[in-house]
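# Geometric and topological summary
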Amino acid sequence: MINIEAAKNLPIENRYKYMLLLLEGQLSSEKNIYANLSNASAIIYAIMDKLNWSGFYFMREGELVLGPFQGKPACNRITVGKGVCGAAVAERAVQRIANVHEFPGHIACDGASNSEIVIPIIKDGEVYGVLDIDSFEFNTFTELEEEYLIKFVEKLNKYIDWTQL
Ligand code: SME
(Lines give C-alpha, C1' and ligand atoms only; values in the text may rest on other atoms or scores of the structure.)
Protein backbone atom coordinates (compact mmCIF):
# COMPACT_ATOMS: atom_id res chain seq x y z
CA MET A 1 0.00 0.00 0.00
CA ILE A 2 1.47 3.37 -1.03
CA ASN A 3 0.90 5.90 1.77
CA ILE A 4 0.34 9.29 0.15
CA GLU A 5 -1.31 10.83 3.23
CA ALA A 6 2.00 10.80 5.14
CA ALA A 7 3.38 13.38 2.68
CA LYS A 8 0.57 15.86 3.12
CA ASN A 9 1.98 18.19 5.77
CA LEU A 10 5.69 17.88 4.99
CA PRO A 11 7.71 20.89 3.82
CA ILE A 12 7.96 20.84 0.03
CA GLU A 13 11.50 19.44 -0.37
CA ASN A 14 10.79 16.68 2.18
CA ARG A 15 7.66 15.88 0.23
CA TYR A 16 9.75 15.41 -2.92
CA LYS A 17 12.23 13.24 -0.98
CA TYR A 18 9.28 11.16 0.18
CA MET A 19 8.12 10.92 -3.46
CA LEU A 20 11.49 9.32 -4.32
CA LEU A 21 11.14 6.91 -1.37
CA LEU A 22 7.68 5.86 -2.60
CA LEU A 23 9.13 5.24 -6.06
CA GLU A 24 12.02 3.23 -4.61
CA GLY A 25 9.51 1.14 -2.62
CA GLN A 26 7.47 0.49 -5.74
CA LEU A 27 10.41 -0.39 -8.01
CA SER A 28 12.14 -2.61 -5.46
CA SER A 29 9.00 -4.65 -4.72
CA GLU A 30 7.51 -5.14 -8.19
CA LYS A 31 9.06 -6.42 -11.43
CA ASN A 32 6.26 -5.68 -13.90
CA ILE A 33 7.20 -2.67 -15.99
CA TYR A 34 3.59 -1.49 -16.61
CA ALA A 35 2.67 -1.72 -12.92
CA ASN A 36 5.81 0.25 -12.08
CA LEU A 37 5.26 2.98 -14.68
CA SER A 38 1.54 3.31 -13.86
CA ASN A 39 2.28 3.79 -10.18
CA ALA A 40 5.24 6.08 -10.99
CA SER A 41 2.90 8.48 -12.83
CA ALA A 42 0.33 8.18 -10.00
CA ILE A 43 2.94 8.90 -7.29
CA ILE A 44 3.92 12.17 -9.01
CA TYR A 45 0.28 13.13 -9.57
CA ALA A 46 -0.60 12.51 -5.93
CA ILE A 47 2.45 14.21 -4.39
CA MET A 48 3.04 17.32 -6.51
CA ASP A 49 0.71 20.31 -6.29
CA LYS A 50 -1.27 21.97 -9.11
CA LEU A 51 -0.97 19.15 -11.66
CA ASN A 52 -3.51 18.25 -14.33
CA TRP A 53 -1.41 15.58 -16.08
CA SER A 54 1.62 13.36 -15.42
CA GLY A 55 2.83 10.49 -17.53
CA PHE A 56 5.07 8.94 -20.11
CA TYR A 57 5.61 8.89 -23.84
CA PHE A 58 7.92 6.25 -25.31
CA MET A 59 9.83 6.09 -28.59
CA ARG A 60 8.25 3.72 -31.10
CA GLU A 61 9.37 3.63 -34.75
CA GLY A 62 10.82 7.14 -34.54
CA GLU A 63 7.94 8.90 -32.77
CA LEU A 64 6.65 9.32 -29.23
CA VAL A 65 3.67 7.13 -28.30
CA LEU A 66 1.54 7.60 -25.17
CA GLY A 67 2.35 5.43 -22.15
CA PRO A 68 0.94 5.12 -18.61
CA PHE A 69 -0.39 8.42 -17.22
CA GLN A 70 -2.75 10.24 -14.86
CA GLY A 71 -5.09 12.93 -16.10
CA LYS A 72 -7.41 13.48 -19.04
CA PRO A 73 -7.06 11.42 -22.24
CA ALA A 74 -4.07 12.77 -24.21
CA CYS A 75 -2.56 12.83 -27.72
CA ASN A 76 -1.54 9.34 -28.77
CA ARG A 77 1.50 10.29 -30.85
CA ILE A 78 3.99 13.19 -30.90
CA THR A 79 6.56 13.79 -33.65
CA VAL A 80 10.16 14.23 -32.48
CA GLY A 81 10.93 17.97 -32.57
CA LYS A 82 7.27 18.95 -32.15
CA GLY A 83 5.82 20.41 -28.95
CA VAL A 84 7.52 20.40 -25.58
CA CYS A 85 7.87 16.60 -25.46
CA GLY A 86 9.27 16.43 -29.00
CA ALA A 87 11.78 19.20 -28.16
CA ALA A 88 13.00 17.27 -25.09
CA VAL A 89 13.80 14.29 -27.33
CA ALA A 90 15.30 16.31 -30.21
CA GLU A 91 17.50 18.37 -27.87
CA ARG A 92 18.06 15.55 -25.34
CA ALA A 93 17.41 18.17 -22.68
CA VAL A 94 14.91 19.01 -19.93
CA GLN A 95 12.26 21.50 -21.04
CA ARG A 96 10.95 23.63 -18.17
CA ILE A 97 8.27 25.92 -19.57
CA ALA A 98 6.70 28.69 -17.45
CA ASN A 99 3.98 29.47 -20.02
CA VAL A 100 3.22 26.79 -22.59
CA HIS A 101 1.21 29.22 -24.72
CA GLU A 102 4.46 30.99 -25.55
CA PHE A 103 6.24 27.75 -26.57
CA PRO A 104 6.39 27.48 -30.37
CA GLY A 105 4.47 24.38 -31.48
CA HIS A 106 3.15 23.50 -28.03
CA ILE A 107 0.64 20.65 -28.34
CA ALA A 108 -2.45 21.42 -26.26
CA CYS A 109 -3.68 17.93 -25.32
CA ASP A 110 -5.47 19.38 -22.30
CA GLY A 111 -6.53 23.02 -22.65
CA ALA A 112 -6.16 23.43 -18.88
CA SER A 113 -2.33 23.18 -19.05
CA ASN A 114 -0.46 26.44 -18.51
CA SER A 115 3.04 25.28 -17.55
CA GLU A 116 4.94 22.07 -18.22
CA ILE A 117 8.15 20.19 -17.50
CA VAL A 118 9.49 17.36 -19.62
CA ILE A 119 12.42 15.14 -18.61
CA PRO A 120 13.94 13.00 -21.38
CA ILE A 121 14.55 9.36 -20.44
CA ILE A 122 18.08 8.61 -21.62
CA LYS A 123 19.99 5.44 -20.71
CA ASP A 124 23.38 4.45 -22.08
CA GLY A 125 23.12 7.20 -24.69
CA GLU A 126 19.74 6.02 -26.04
CA VAL A 127 16.57 8.18 -25.74
CA TYR A 128 13.70 5.87 -24.71
CA GLY A 129 11.01 8.49 -24.13
CA VAL A 130 9.98 11.30 -21.80
CA LEU A 131 8.36 11.96 -18.44
CA ASP A 132 5.84 14.77 -19.05
CA ILE A 133 4.21 16.80 -16.25
CA ASP A 134 1.59 19.51 -16.84
CA SER A 135 0.20 22.14 -14.47
CA PHE A 136 -2.99 24.20 -14.63
CA GLU A 137 -1.05 27.18 -13.21
CA PHE A 138 1.72 29.24 -14.80
CA ASN A 139 5.32 29.03 -13.44
CA THR A 140 4.66 25.85 -11.43
CA PHE A 141 8.02 24.21 -12.06
CA THR A 142 11.11 25.70 -10.42
CA GLU A 143 14.69 24.42 -10.22
CA LEU A 144 13.57 22.38 -7.18
CA GLU A 145 10.91 20.47 -9.12
CA GLU A 146 13.41 19.97 -11.96
CA GLU A 147 16.04 18.61 -9.56
CA TYR A 148 13.66 16.06 -8.03
CA LEU A 149 12.06 14.99 -11.30
CA ILE A 150 15.55 14.36 -12.74
CA LYS A 151 16.26 12.21 -9.66
CA PHE A 152 12.93 10.47 -10.25
CA VAL A 153 13.96 9.53 -13.80
CA GLU A 154 17.43 8.46 -12.59
CA LYS A 155 15.71 6.06 -10.18
CA LEU A 156 13.52 4.70 -12.97
CA ASN A 157 16.65 4.23 -15.07
CA LYS A 158 18.30 2.26 -12.26
CA TYR A 159 15.49 -0.31 -12.10
CA ILE A 160 13.83 -0.37 -15.51
CA ASP A 161 15.11 -2.09 -18.62
CA TRP A 162 13.46 0.13 -21.26
CA THR A 163 14.25 -2.37 -24.00
CA GLN A 164 11.61 -4.68 -22.41
CA LEU A 165 8.76 -2.16 -22.87
N1 SME B 1 1.88 19.45 -24.19
C2 SME B 1 2.72 18.39 -24.67
C3 SME B 1 1.89 17.28 -25.27
C4 SME B 1 1.56 16.19 -24.33
S5 SME B 1 0.34 16.59 -23.24
O6 SME B 1 0.73 17.74 -22.45
C7 SME B 1 -0.02 15.32 -22.26
C8 SME B 1 3.69 18.91 -25.71
O9 SME B 1 3.60 20.06 -26.16
O10 SME B 1 4.57 18.15 -26.08
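Note: the structure precedes this text.
The following paragraphs examine the structure supplied in this document. (Residues numbered from 1 in each chain as written. Predicted model: local features only at pLDDT ≥ 70, side-chain atom pairs only at ≥ 80, totals over all residues. Heavy atoms only, no water.)

## Comments concerning the layout of surface pockets
Where empty space is left in the structure can be found by rolling a water-sized probe over the atoms. What counts, and what does not: Cavities and pockets were defined on a 1 Å grid built over protein atoms only: a cavity is a set of grid points that admits a 1.4 Å probe from which the probe cannot escape, a pocket is an open set flanked by protein on both sides within 12 Å along at least five of seven lines, and lining residues are those with an atom within 4 Å of any such point. Grid points are joined across faces, edges and corners, and a volume is the space filled by probe spheres set on the points. The numbering of helices and of strands both runs from the N terminus, where a helix is a DSSP run of H or I of at least 4 residues and a strand a run of E of at least 2. Charged residues are taken to be Asp, Glu, Lys and Arg, nonpolar residues to be Ala, Val, Leu, Ile, Met, Phe, Trp, Tyr, Cys and Pro, and polar residues to be all remaining types, Gly included.
In this model, the largest pocket occupies a volume close to 190 Å³. Leu27, Ser28, Glu30, Lys31, Ile33, Asn36, Tyr159, Ile160, Asp161 and Gln164 together form the lining of the largest pocket. Elements represented by at least two residues in the lining of the largest pocket include exactly helix 1 (12-29) and helix 2 (33-47). Along the lines of polarity and charge, the residues of the lining of the largest pocket split into 4 nonpolar, 3 polar and 3 charged.

## A word on the sheet that holds strand 6 (residues 126-135)
Worth spelling out the cut-off: Here, any two strands with at least 2 DSSP bridges between them count as paired. Between N-to-C directions, angles cover 0 to 180 degrees, with each direction set by a line fitted to C-alpha atoms, over the stretch in contact for helices. The criterion used for residue contact is that any of the two residues' heavy atoms lie within 4.5 Å.
Strand order in the open sheet formed by 6 strands is 3-2-1-6-5-4, with antiparallel pairing between adjacent strands. Both outer strands of the open sheet, strand 3 (77-79) and strand 4 (95-97), are each paired with one neighbouring strand and no more. Adjacent strand axes in the sheet meet at a mean angle of 25 degrees when their direction is disregarded. Taken together, the 7 bridges between strand 1 (residues 51-60) and strand 2 (residues 63-71) define a ladder with antiparallel strand orientation. The residue of strand 2 that forms the bridge with Trp53 is Gly71. The strands that helix 2 touches are strand 1, strand 2 and strand 6; relative to strand 1, the one it contacts most, it runs at about 150 degrees. The sheet strands contacting helix 3 (residues 83-91) are strand 1, strand 2, strand 3, strand 4, strand 5 (115-123) and strand 6, and the helix crosses strand 5 at an angle near 35 degrees.

## With respect to the state of the cysteines
Throughout this description, disulfide means a covalent bond between two cysteine sulfur atoms. In plain terms, the rule: By convention in this document, the label disulfide applies to cysteine sulfur atom pairs within 2.5 Å. Summary of the burial criterion: residues with accessible area below 20% of their type's maximum are buried, those above 50% are exposed, and those between are partly exposed, where the area comes from a 1.4 Å probe applied to protein chains only.
Considering all chains together, one arrives at 1 disulfide under this definition. Each disulfide pairs two cysteine sulfurs, and for Cys75 the partner residue is Cys109, the sulfurs being separated by 1.9 Å. Taking the torsion about the sulfur-sulfur bond, which here is approximately -120 degrees, the covalent link between Cys75 and Cys109 counts as left-handed. Residue Cys75 is found in the loop between strand 2 and strand 3, and its partner Cys109 is found in the loop between strand 4 and strand 5; the two are separated by 34 residues along the sequence. Take Cys109: its relative accessible area is 33%, and that puts it in the partly exposed class. Cys109 supplies the cysteine sulfur nearest to Cys85, a cysteine that is in no disulfide, at a spacing of 7.6 Å.

## Remarks on the environment of Asn114
Cut-off, in case you're wondering: Polar contact criterion, stated in full: a pair of N or O atoms within 3.5 Å, where within protein one must be able to donate a hydrogen and the other to accept it, and residues adjacent in sequence count only if both atoms are side-chain atoms.
Here Asn114 shows up in the loop between strand 4 and strand 5. Separated by 22 residues in sequence, Asn114 and Phe136 have C-alpha atoms that sit 5.1 Å apart. Beyond its immediate chain neighbours, meaning those up to four positions away, Asn114 contacts Ala98, Asn99, Val100, His101, Ser135, Phe136, Glu137 and Phe138. A distance of 2.6 Å separates polar atoms of two side chains, one belonging to Asn114 and the other to His101.

## Quick look at the site of the ligand
Put simply, the rule reads: One heavy atom suffices: a residue is near a molecule or strand as soon as one of its heavy atoms comes within 4 Å of it. Note on areas: Shrake-Rupley, 1.4 Å probe, and residue coverage restricted to the protein chains presented here.
Taken together, 13 residues surround the ligand, and among them Val84, Cys85, Ile107, Glu116 and Asp134 come closest. Taking Cys85, its main chain carries an N or O atom lying 2.8 Å from an oxygen atom of the ligand. With the chains in place, 99% of the 300 Å² that the ligand exposes on its own is no longer accessible. Every element with two or more residues in the shell around the ligand is listed here: strand 1, helix 3 and strand 6.

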